[in-house]
Every structure is written in structure tokens, then in C-alpha cells.
Amino acid sequence: MGVSKARLAEDLKAALKGGDRLRTSVLRLLCALIKNREIEKRGELDDSEIIQAVIASCKLRKEAIEQYAKGGRDDLAAKEEAELKLLEAYLPPPLSPEELRKKIEEALAASQASSLKDMGKAMALLMPEIAGRADGKVVSQMVKDALSRR
């Protein structure tokens, strides 16, 4: 099931009724982020833009976990990990390595990329299709590897 504003609103209402403070807090922050992005855009966000907001929230949590772990604040790191887990439930299922390789090959063929100079064209086709389903750094490295073998 994909993420939508309606689903987030329903989940927030359920969390409020159920007294789930952590889920309520995470969903309120996510809804506020989406609302702010809509204000910036001056219009409604589509589902892919909402997924980007969830990805951004996940990235912030991952950075916070790393910083708290370095600082010896395991209690705060655990809280961020719990929040991250809640947010990740709103992302589409991750691609398997085989699926990702296939999508990369399709993007390279569609963009007619033949060298590292063409990497941007391939990434521009690929990233919207796999948003939230694969780590951008991993995808970038896989595309570089595939282009270097051409």
C-alpha cells in the first residue's frame, strides 16, 4: 500500500485514539513537512513527492542515529531508530539486487548511455522509477560500474 495524505491522516487519527505517542509524534512531523512542501510548491504534492518527504525524514533519522551513537547517547539513538522504523513502513518495498540491475540496464538502454559522461542521463531516467526503493548511493555506484564495463 502506497503512502498518501489520506492514509497518513487516518494513521494519525488511529495513533491519537490509541494513545501511541511515538507514532503520533512521527506522523505529525511528517504531515507538517508535507504541508510545508505544499506551501513552497503552492500546490498539492503527488504521491512521488510525498515519498520524497518520507525519504528525507528517514535520512534525517539515520543521520541523528549516527550522531547519537557517536556521542554515546544510546537512549536517543534507540528513539530515532524506532521513529525510522515507523517511517520506513510508508516507503515502497525495496528492490531486490536482481530487479535493480534489470532497471539499471533498462535505463542505460533507454538513455543510450555508453560512457561515464552519460551517467546523468541514465540516472535522470532511473531515479524517479526507483525512488524510495533503493539507496541512491548504491544505485549511483552500480550505474558507474555498469558504464565502466561498456
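Rules used throughout
- Residues numbered from 1 in each chain as written.
- Predicted model: local features only at pLDDT ≥ 70, side-chain atom pairs only at ≥ 80, totals over all residues.
- Heavy atoms only, no water.
- Helix = DSSP H or I, 4+ residues; strand = E, 2+ residues; numbered from the N terminus.
- Buried < 20%, exposed > 50% of the residue type's maximum accessible area, 1.4 Å probe, protein only.
- Contact = heavy atoms within 4.5 Å.
- Lys, Arg positive; Asp, Glu negative; His and termini not counted.
- Charge placed at Lys NZ, Arg CZ, Asp CG, Glu CD.
- Polar contact = N/O pair within 3.5 Å; in protein donor to acceptor, adjacent residues only side chain to side chain.

When you go through the protein residue by residue, the secondary structure sums to seven helices and zero strands. Element order for the protein, N to C, with α for helix and β for strand: α-α-α-α-α-α-α. Each principal axis of the C-alpha distribution contributes one length, and for the protein these read about 55 × 40 × 30 Å. Looking at the protein as a whole, 33% of its 150 residues are labelled buried. Across the protein, the fraction of contacts at a sequence separation of at least 24, relative to all contacts at a separation of at least 6, is 58%. Across the protein, 28 positive and 25 negative side-chain charges occur, with their mean positions spaced 2 Å apart.

As a further point, take the side chain of Thr 24. In this structure, Thr 24 sits in helix α2 (residues 21-41). The buried category is assigned to Thr 24, whose relative accessible area is 7%. Among the polar contacts listed, one links the side chain of Thr 24 to the backbone oxygen of Asp 20, at a separation of 2.7 Å. For Thr 24, the contacting residues outside a window of four places in its chain are Leu 12, Ala 15 and Leu 16.

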